[in-house]
Amino acid sequence: MRVFKYRSNYGRDLITLTCNQLFASKYEDLNDPFESMQFMDPIYDESFIDSLPYLTNKTELKSAYAEVVRLLKTQGVYSLSKDVDNEILWALYSDSHRGFAIEYETDILLKDFNFNPIIPCAFMFDIEYTNTSRVPKIIQQALNGKLNIQSIIGNKSTAWEKENELRITFED
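Residues numbered from 1 in each chain as written. Predicted model: local features only at pLDDT ≥ 70, side-chain atom pairs only at ≥ 80, totals over all residues. Heavy atoms only, no water.

Asks: Help me understand the overall build of the chain, please; the structure alone is not making it clear to me.
Replies: Per the secondary structure count, the chain includes 7 helices and 8 strands. The 172 residues of the chain split such that 40% are buried. Sequence-distant contacts, at least 24 apart, represent 80% of the contacts inside the chain between residues at least 6 apart. Accessible area for the chain stands at about 10200 Å²; split by element, carbon and sulfur atoms hold 54% of it. (Helix = DSSP H or I, 4+ residues; strand = E, 2+ residues; numbered from the N terminus. Buried < 20%, exposed > 50% of the residue type's maximum accessible area, 1.4 Å probe, protein only. Contact = heavy atoms within 4.5 Å. Areas by Shrake-Rupley, 256 points an atom, 1.4 Å probe, with all protein chains shown as cover.)

Asks: Can you help me understand unusual backbone geometry in this one?
Replies: Both trends apply: most residues other than glycine have a negative phi, and most peptide bonds are in trans. The residue asparagine 20 is not glycine, and still its phi comes out positive at about 55°. For serine 96, which is not glycine, the phi dihedral falls at a positive 50°. Structurally, serine 96 is set in the loop between helix H4 (87-93) and strand E4 (100-105). Accessibility expressed as a relative area gives 42% for serine 96, which makes it partly exposed.

Asks: Just checking my understanding: could you explain a nonpolar patch on the surface for this structure?
Replies: Taken together, the side chains of Tyr10, Leu14 and Leu17 define a hydrophobic patch exposed on the protein surface, amounting to about 260 Å² of accessible area. Locating tyrosine 10 in the fold gives a position in helix H1 (residues 10-18). (Patch = residues over 30% accessible without salt bridge, like charges linked within 9 Å, V, L, I, M, F, W, Y side chains within 5 Å. Salt bridge = Lys/Arg side-chain N within 4 Å of Asp/Glu carboxyl O.)

Asks: When you look at the pattern of salt bridges in this model, what are you seeing that I'm missing?
Replies: Pairs can form between side chains of opposite charge once their charged atoms are near each other. For the coordinates displayed, the defined rule picks out 8 salt bridges. Here aspartate 95 and arginine 98 are joined by a salt bridge, their closest N and O atoms 3.1 Å apart. A relative accessible area of 28% places aspartate 95 in the partly exposed class. Where glutamate 165 meets lysine 156, a salt bridge forms, and the shortest distance between an N and an O atom there is 2.9 Å.

Given below as structure tokens:
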């Protein structure tokens, strides 16, 4: 599948292109204000876990929560669009239409980063757009056995739907 990265930071972007590299943002640096570590409060969340009388595995849950927070702080996120002709994306991410778009083929891109099939380091997924609250509910997900990074960073408000986005995450 062909996907596109809109760019405007000429210096960094041209260097990464000539060096055959990518610049993947950290989760906490993404531009959607609801995709932020500010909604994760380890002290409050650990207190909340302690307050649940029916939990018998509080230590395991706290450990899983800490691991997810660590992963979110260390994984790189590379956001791409399935559309190259989106005027809004050209305006937002390509210096008001003065930048450029880089075209990638997802199969080749993933193959380049996952050169060791036993230990992949890049994972790709589509963004799901929804009107429900996207504030990461890590504890609820853990209690329901659905704790994973994609469920936390793979959702955006329908206001962002025109981006037609997919993401690649990279292990640090």
